[in-house]
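Analysis of the macromolecular model
Take a look at the letters that make up each chain.
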Amino acid sequence: MKLNVNGVEHALESGALTPLLHVLREELGVTSPKAGCQSGGCGACTVLVDGEPRRSCLTPLGAVDGAEVTTIEGIGDAHDLHPVQEAFHTLHAAQCGFCTPGMIVATVALLKRLPQPGRREIERALSGHICRCTGYVKIVEAVEAAAGGSR
Amino acid sequence: MRAVGARVEKVDGIGHVTGQTTFVDDWRIPGMLWAKVLRSPHDHAAITKLDVAPALAVPGVRAVITHEDVPKNVLGHLEGLGVPADEPLLAESDVRWKGQPIAVVAADSEEAALAGVAAIGVSFEERPALLDVRLAFEADAPKAHHWGNWFPHFGGPDTPPDHRKIRKGDIDAAFEQADAIVQGVYRPNAIEQMPVEPQVCACVPESNGRLTIHSCTQGVYFTMGIVAGHLGVPLNRLKFIAGTVGGGFGGKVESWTEPVVALLALKTGKPVKLRFTREEEFLCTSTRAPWHIEIADAVTSDGWILGRKMLTLHDAGAYARFSPYGVTKHSFHIAGSYAIPNIHFDGYVVFTNRTPTSAMRGFGVTSVSWTIETQMSRIASVLGLDPYEVRLRNASRIGDTTPNWVTLHDPSSVPVIQAAAEAAGVELTADYRTMTRDPRSGDLLPEWLEGQLGDLDAKES
Ligand code: FES
Ligand code: FES
C-alpha cells in the first residue's frame, strides 16, 4: 500500500484495515494527528485526504491507498506559518494545543472551499471538533481573521 | 507585573499551531511495549480466582502485574493531611466499582496486550451494590467500604468526627422567629473532566537503574511522590518529563498510570506505554463528585436569612481519594457570599460502588456555590421579592464573619452582584445601586447580626 504524505511517497507495511491514524503515528512517526477518542467523536485526528478533511482514526488504510495526505506539518512550519496558523497563534485560539492540528487542517480546507465563510459556515465546518480548553469563541475569531487576512 | 493587561506571546503557542508540541503520546521510544488493563465488570464483587498464567502464554505478552507485584499497594492521596490510606493500586480480594483495575498486561503490540487481558482467568462472586447516597445510612444498606458507608476519620487516622459539622448562633431561635421556611434539595451531578488528550504515560528504564517517566500529570511532584511510594524507591530513582498536558481540569491529578507503567518497565526491563481509550476515560477515571444537598432557610418576609439548616451527602464513589478535603472546603462555603447568623450544617463523605470521584475545577466549592445561588433565587421567588435585592441585602460586608467565624476584610459580594445586575440589564432601585460594602450600620445591622461582627483590627495569625 502507498501514501503520499506531505509531498513524500511512502510504501507501507501496515495492513489494509489499520486506521490511517495508526499508520501516520506509529509507522511513519507523523505525530500531529492526535488519538483523542479513536472513535470518530473528537476531530483531533483530522487530516486532509486529497484535500478533504477526514477522521484518520476511522479511515482504514485500504480505503485511501495511493491518496495524498496532508497533516499540519505539510501546511506550514515555525519559520513559515500559514495565515491560519498565524491567526490561531496571535489570537490565542490554541490553549493546550491538543485539538489544534485537527482544527487548523479543517480550517485550511474550509477556506480553500469558501474563502470568506460566514459565522454559520465556520461553526458548521468545525462542529465535529471538540476543544475543552479554549472555548470556541477565540477559535471562530481566528478563522475569521485568517479569512480576512487572505482577502 | 509587566504581563498584566499586556498581550503576551504564548510561550508554547508556535509548537501548538505547527503540530510540533511533544505530548506524552508523541514521544517515539524504540522497543516500546503497550499496556492494557483488566478491569472489574461488576459494581461490587469478591474476586474468587485470579490466574495470569494463560495471559503469559499469549504470543507477544511480556509481563502481567497484579497487586502482588506492587511493593506498597495501598497508598493514600492525603496521608500528609491525616487521611489514612484505603485504595489499592490493583484490586486485592474484592472490587468495589465497575472499572476498578485488577491486572495490567504489557506486550509487544496493543493487540497482543488486549489478547493477554482476555486470557487472564478471573472469576467473581457478585455482591449487592450501593449506588445511591440516600440509602447509605439504612441499616440494611449494602456495605460499600471497609470503613463503613461514610468516611469516619475527619480527625485523622482512626479518629472521629465522622463528618464535618458547623454550629453557629442559635438555630432554633432563628426558625422560631422566621416568617417563612424556604426549602430546597439540590443534586449537582457527576461530570467527567474530559480533556481531549486521554490519560497516557510512558516509562523508560535507564541503564543506571533510574526510571524516566513521561507523564501528563497536572501535579508532577505529587505524582512523583505517589510513584515513589508505591514502588518503595527514593525520589532520586525517578526522572519525570512532564508539563505538557493536553487538558486536565483536575482529572490529571489522578496518578494511576505512572506507577503501573513504572512497575511494568521494571519487570520487563523495557519501555512501556499505557494510553487510556476514551471509554476508559469516561467509565474508569475519576469524575467530579455528585452531591446531594438539602437546605432549609428561616427567612423574614422582607428577605433576611435568619438561619440555615443544611445536610450534605458527598458521593465519594468507592474510595476516599480527595473527597474529605472536598467536603471540608465545601463546609467553609455553605453561606456563599452572604452573612447568615445561625447555622446548623452536617456534611458527610459517603462511599458508594461508583467510580471514585476527585478533583475538578474548584471541587467542593462549585457544587455549593451553584446550590446556594439557586436557593437565593428560590427564596426571592417564594417571598415575591427581587432576586438581586435579596442577594444584596444579605451580601457579606467588611467585618462580617463566615460560618466558621473568619472575619471578612475584603469581601466583593456587593460590587459583584451590582455588576451582574448591570451586565444583565437589570435596573436596581437607588438604595441597592448605591449600596457599598462598608461595615454594617443602621438598617443593615439588624439585631440578629449584631453579635456576628468580627474584629477587623485583630492581627491575622
Ligand atoms: S481520534 Fe479520531 S475523531 Fe477522535
Ligand atoms: S486547546 Fe486544549 S483541547 Fe483545544
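Residues numbered from 1 in each chain as written. Chains lettered and ligands numbered in written order. Predicted model: local features only at pLDDT ≥ 70, side-chain atom pairs only at ≥ 80, totals over all residues. Heavy atoms only, no water.

1. A closer look at the interface of chain A and chain B
Contacts between chain A and chain B engage 36 residues on the former and 31 residues on the latter. Across the chain A to chain B interface the summed buried area is about 2600 Å²; carbon plus sulfur atoms make up 56%. When the area that chain A buries against chain B is broken down by residue, the three leading residues are A:His89, A:Phe98 and A:Arg132, summing to 25%. Counting the contacts that link chain A with chain B gives 4 salt bridges. One salt bridge connects B:Asp25 with A:Arg25, and the closest N-O pair in it is separated by 3.2 Å. Across the chain A-chain B interface, the total number found is 15 residue pairs in polar contact (both at pLDDT 80 or more). (Contact = heavy atoms within 4.5 Å. Buried area = accessible area lost by both parts, 1.4 Å probe. Salt bridge = Lys/Arg side-chain N within 4 Å of Asp/Glu carboxyl O. Polar contact = N/O pair within 3.5 Å; in protein donor to acceptor, adjacent residues only side chain to side chain.)

2. Digging into the environment of B:Asp400
All names here are of chain B. For Asp 400, the location among the structural elements is in the loop between α10 (387–394) and α11 (413–423). Residue contacts for Asp 400: discarding those within four places in its chain leaves Ala 339, Ala 395, Val 406, Thr 407, Leu 408, Arg 440, Gln 452 and Leu 453. Separated by 2.9 Å, the side chains of Asp 400 and Arg 440 make a polar contact. (Helix = DSSP H or I, 4+ residues; strand = E, 2+ residues; numbered from the N terminus.)

3. Here we look at a negative patch on the surface
On the surface, A:Glu9, A:Asp50, A:Glu52 and A:Glu68 cluster together to form a negatively charged patch. Relative to the assigned elements, A:Glu9 resides in strand β2 (residues 8–11). (Patch = residues over 30% accessible without salt bridge, like charges linked within 9 Å, V, L, I, M, F, W, Y side chains within 5 Å. Areas by Shrake-Rupley, 256 points an atom, 1.4 Å probe, with all protein chains shown as cover. Lys, Arg positive; Asp, Glu negative; His and termini not counted. Charge placed at Lys NZ, Arg CZ, Asp CG, Glu CD.)

4. Topic: the side chain of B:Lys329
All names here are of chain B. Tracing the backbone through its elements, the reader meets Lys 329 in helix α8 (residues 323–332). In this structure, Lys 329 is buried with no salt-bridge partner, the nearest side chain bearing the opposite charge being Glu 254 at 16 Å. Sequence-distant contacts of Lys 329, that is, excluding residues within four places in its chain, are made with Gly 362, Phe 363 and Val 365. (Buried < 20%, exposed > 50% of the residue type's maximum accessible area, 1.4 Å probe, protein only.)

5. Section: the state of the cysteines
By definition, a disulfide links the sulfur atoms of two cysteines through a covalent bond. Residue and element names in this part refer to chain B. According to the stated counting rule, one finds 0 disulfides over all chains in the structure shown. No disulfide involves Cys 216; its sulfur sits 7.5 Å from the nearest other cysteine sulfur, which is in Cys 201. Judged by its relative accessible area of 0%, Cys 216 falls in the buried class. (Disulfide = S-S within 2.5 Å.)

6. Topic: the nonpolar core
All names here are of chain B. By size, the foremost hydrophobic cluster in this structure holds 55 residues, and its most contacted members are Phe 151, Met 310, Ile 334, Ile 343, Met 376, Ile 379 and Leu 392. Listed by contribution, the elements that provide at least two residues to this core are β8 (180–186), β13 (291–299), β14 (305–317), β15 (342–351), α9 (365–383), α10 and α11. Counting contributing residues per domain, this core is built from domain 1 (31–127 + 193–284) and domain 2 (164–191 + 287–450), each supplying no fewer than three. Those residues in contact with Met 310 that sit more than four places away from it in its chain are Ile 293, Glu 294, Ile 295, His 330, Ile 334, His 344, Phe 345, Asp 346 and Val 368. (Core = buried A, V, L, I, M, F, W, Y, C linked by side-chain atoms within 4.5 Å. Domains from an automatic or database assignment.)

7. Some thoughts on the sheet that holds β2(A)
All names here are of chain A. Here we have 5 strands laid out as an open sheet, ordered β2-β1-β5-β3-β4, and mixed in their pairing. Edge strands, defined here as strands with exactly one partner in the open sheet, are β2 and β4 (52–55). For this sheet, the mean inter-axis angle between neighbouring strands, taken without regard to orientation, is 35 degrees. Note that strand β1 (residues 2–5) and β2 share 4 bridges and pair antiparallel. (Pairing = 2+ DSSP bridges. Axes fitted to C-alpha atoms, helices over the stretch in contact; angles between N-to-C directions.)

8. A word on the packing of helix α3 (residues 100–113) of chain A against helix α4 (residues 119–126) of chain A
Residues and elements named next belong to chain A. In contact at an axis separation of 10 Å, α3 and α4 are set at 135 degrees when each is read in the N-to-C sense. Considering the angle they form, α3 stands oblique to α4. Pair α3 / α4 crosses with right-handed handedness. Residues Met 103, Ala 106, Thr 107 and Leu 110 of α3 touch α4, and the partners they reach there are Glu 121, Ile 122, Ala 125 and Leu 126. For the contact of α3 with α4, the residue count by class is 6 nonpolar, 1 polar and 1 charged. (Parallel < 35°, antiparallel > 145°, perpendicular 65-115°, else oblique. Left-handed = near helix turned anticlockwise from the far one by under 90°. Nonpolar A, V, L, I, M, F, W, Y, C, P; charged D, E, K, R; others polar.)

9. Section: the environment of B:Val327
All names here are of chain B. Counting through the fold element by element, Val 327 comes out in helix α8. Its relative accessible area of 0% is what places Val 327 among the buried residues. In this structure the C-alpha to C-alpha distance between Val 327 and Leu 238, which are 89 residues apart in sequence, comes to 33 Å. The contacts of Val 327, once residues within four sequence positions are left out, are Phe 154, Arg 164, Trp 291, His 314, Gly 347, Tyr 348 and Val 349.

10. Notes on the pattern of salt bridges
Under the defined criterion, the tally for this structure stands at 27 salt bridges over all chains. Across the pair A:Arg25 and B:Asp26 runs a salt bridge, and its minimum N-O distance is 2.8 Å. Here B:Asp26 lies in the loop between α1 (13–18) and β1 (33–39) and A:Arg25 lies in helix α1 (residues 20–27), a pairing that spans two chains. This pair shows no difference in class: A:Arg25 is buried, exactly as B:Asp26 is. Each of A:Arg25, A:Lys34, B:Asp25, B:Asp26, B:Lys273 and B:Arg275 takes part in one network of salt bridges that share partners.

11. Regarding the domain arrangement of chain B
All names here are of chain B. Taken domain by domain, chain B consists of domain 1 (31–127 + 193–284) and domain 2 (164–191 + 287–450). When each unit is reduced to the centre of its C-alpha atoms, the spacing between domain 1 and domain 2 is 40 Å. Taken together, the contacts link 21 residues of domain 1 with 19 residues of domain 2. When the area that domain 1 buries against domain 2 is broken down by residue, the three leading residues are Trp 97, Gln 193 and Phe 249, summing to 29%. Seen at the junction of domain 1 and domain 2, the total is 2 salt bridges. A salt bridge links Arg 321 to Glu 87, with the nearest nitrogen and oxygen atoms 2.7 Å apart. Here domain 1 and domain 2 share 7 residue pairs in polar contact (both at pLDDT 80 or more) between them.

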